[in-house]
Amino acid sequence: MALKALDIFKLLPKTNCKKCGCPTCLAFAMKLAQKQTSLDQCPDVSEASKVELAGAAAPPIRLVTIGAGPGKLEIGNETVLFRHEESFYHAPGIGVMVSDALDGTALKARIEAIRKLKFVRVGLSMQANVVAVVNASGQAAPFAKAVQAAGTLDLPMVLMSSQAAHLNTVLAMCADKKPLIHAATDATADAFIALAKTHNCPLAVTAPNLDKLVPLVEKARAAGIQDIVLDVACPRVPDTLQALTAIRRLALKKNMRVLGYPCLVTNSTVDPLVNVAECGMFVAKYAGIVLAELDQPEQLLPLLTISQNLYTDPRKPIQVEAKLNAIGAVTPDSPLMITTNFSLTYYTVAGEVEASRVPAYIGVLDTEGTSVLTAFASDKLTSEKIAAFLNSDEVKSKVSHRKVIIPGYIAVMSGSLKEDSGWTVLVGPREASGISKFLKTTWTNT
Ligand code: SF4
């Protein structure tokens, strides 16, 4: 269990010297317990205390890095079971499997399909962020060829083979890219552990259940392997979900260090729709890497969307800049709509305005990243605030009329906004889907 502030305090020098920037040792202990500072800020802590505190301060789930350079994938180091308790921090790797049994043309097509799996959502870029090469041929040469082709994607790689010799061949080509070696079994543990040590790469271990997985992890740890990924290769999807949940619970709630590693799941369900649904479930609970055969945009986008939604910090909503934005070839007579700086709200409104082909201004108000109704309910979107924006130089210099469109959900504000701003207030649709019709009919007729 992580130490509480009082336990930490007992191990500190208790001189209240303030060298750590805290007024007292107790205040420092409280910050340390909340992971808001690090032990090295106290220069006087004893070596014995350091050892004790460092053990307790180690994350319950190790952060494992796969790949190297700017595109590296960091998984693990999660601290909660449920996102609303705090936040999920390290989004899973979501990737496509490439079989080395594909012929040259099919292999090239597969790699190009993966290369195109890039999307922009709420202003953020998303893509398949890992690629797994499967040694389905059982031979070394095709495996090396497929790894070479996958290497052109510049994504973190998972090398999947049951043959240590084949892995050794390809690792000689790409160990500097720190691929994940997948996966040591009971039968191959010694050879795979040796590979991971020789090439200094992370190692996945696999077993059909937790009872068989734990001794494998212990063996790898005893051999000095630190970057371990757990693959619970259960034959049934519900069993995999149960295993993933058990691993997260045991690591966080029981502090079982032997299970304190990120997990990997491969899903080979044939029906693509079911496969997407199952992979989405694994993204939510609690895979660090999800691999599937899916290489179509409509299959990957839902998974990346689930991941993006779950792995944004609920305490810090994604925000856009609060300012006057122009969509299309606007003129001073173009309509002016008001919305909030919550990213999802803004991009939904902007998307609908764009689709309407009616050039328009969107006035974005700073509501600390909250949506329209939340902002209104918490006094972050008030008539005074909108009035000040409407009468700002930024708006006056670009908009010649004095008609503003407000979201339908805050129709109740129209009277006070008219009074505060002197502008004519038009109540727009409640849902963004009604924007196009509103601009083409109601606005045009005003
Ligand atoms: Fe206490 Fe160490 Fe901070 Fe000094 S530097 S106040 S001894 S925790």
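Residues numbered from 1 in each chain as written. Predicted model: local features only at pLDDT ≥ 70, side-chain atom pairs only at ≥ 80, totals over all residues. Heavy atoms only, no water.

Draft legend 1. Focus on the domain arrangement of the protein chain. Segmentation of the protein chain into domains returns domain 1 (5-57), domain 2 (64-310) and domain 3 (324-443). When each unit is reduced to the centre of its C-alpha atoms, the spacing between domain 1 and domain 3 is 50 Å. (Domains from an automatic or database assignment.)

Draft legend 2. The arrangement of the site of the ligand in detail. Near the ligand you find Pro-13, Thr-15, Asn-16, Cys-17, Lys-18, Lys-19, Cys-20, Cys-25, Phe-28, Cys-42 and Pro-43, and these make up its full shell. Considered class by class, the residues forming the shell around the ligand number seven nonpolar, two polar and two charged. (Near = heavy atom within 4 Å. Nonpolar A, V, L, I, M, F, W, Y, C, P; charged D, E, K, R; others polar.)

Draft legend 3. Seen up close, the environment of Thr-269. Here Thr-269 lies in the loop between strand E11 (263-267) and helix H10 (272-284). On the accessibility criterion, Thr-269 (23% relative accessible area) is partly exposed. With 24 residues separating them in the primary sequence, Thr-269 and Glu-293 have C-alpha atoms 8.9 Å apart. Setting aside its immediate chain neighbours within four residues, Thr-269 contacts Val-274, Asn-275 and Glu-278. (Helix = DSSP H or I, 4+ residues; strand = E, 2+ residues; numbered from the N terminus. Buried < 20%, exposed > 50% of the residue type's maximum accessible area, 1.4 Å probe, protein only. Contact = heavy atoms within 4.5 Å.)

Draft legend 4. Highlighting the packing of aromatic side chains. Using the criterion set out here, one finds two aromatic pairs in the structure. Aromatic side chains Phe-88 and Tyr-311 sit 5.5 Å apart centroid to centroid with 45° between the ring planes, which places their arrangement in the tilted category. Separated by 223 residues along the polypeptide, Phe-88 in the loop between strand E2 (73-75) and strand E3 (93-99) and Tyr-311 in the loop between helix H11 (297-310) and strand E13 (324-327) bring together distant segments of the chain. By relative accessible area, Phe-88 is classed as buried at 4%. On the basis of relative accessible area, Tyr-311 is assigned to the buried category, the value being 13%. Measuring from centroid to centroid gives 5.2 Å for Tyr-346 and Tyr-347, while their planes differ by 75°, and the two rings are edge-to-face. By relative accessible area, which is 8% here, Tyr-346 ends up buried. The exposure class assigned to Tyr-347 is partly exposed, which follows from its relative accessible area of 36%. Against the face of Phe-88 rests Arg-248, its NZ or CZ located 5.7 Å from the ring centre. (Phe/Tyr/Trp six-rings, centres within 6.5 Å; stacked < 30°, edge-to-face > 60°. Lys NZ or Arg CZ within 6 Å of the ring centre and 35° of its normal.)

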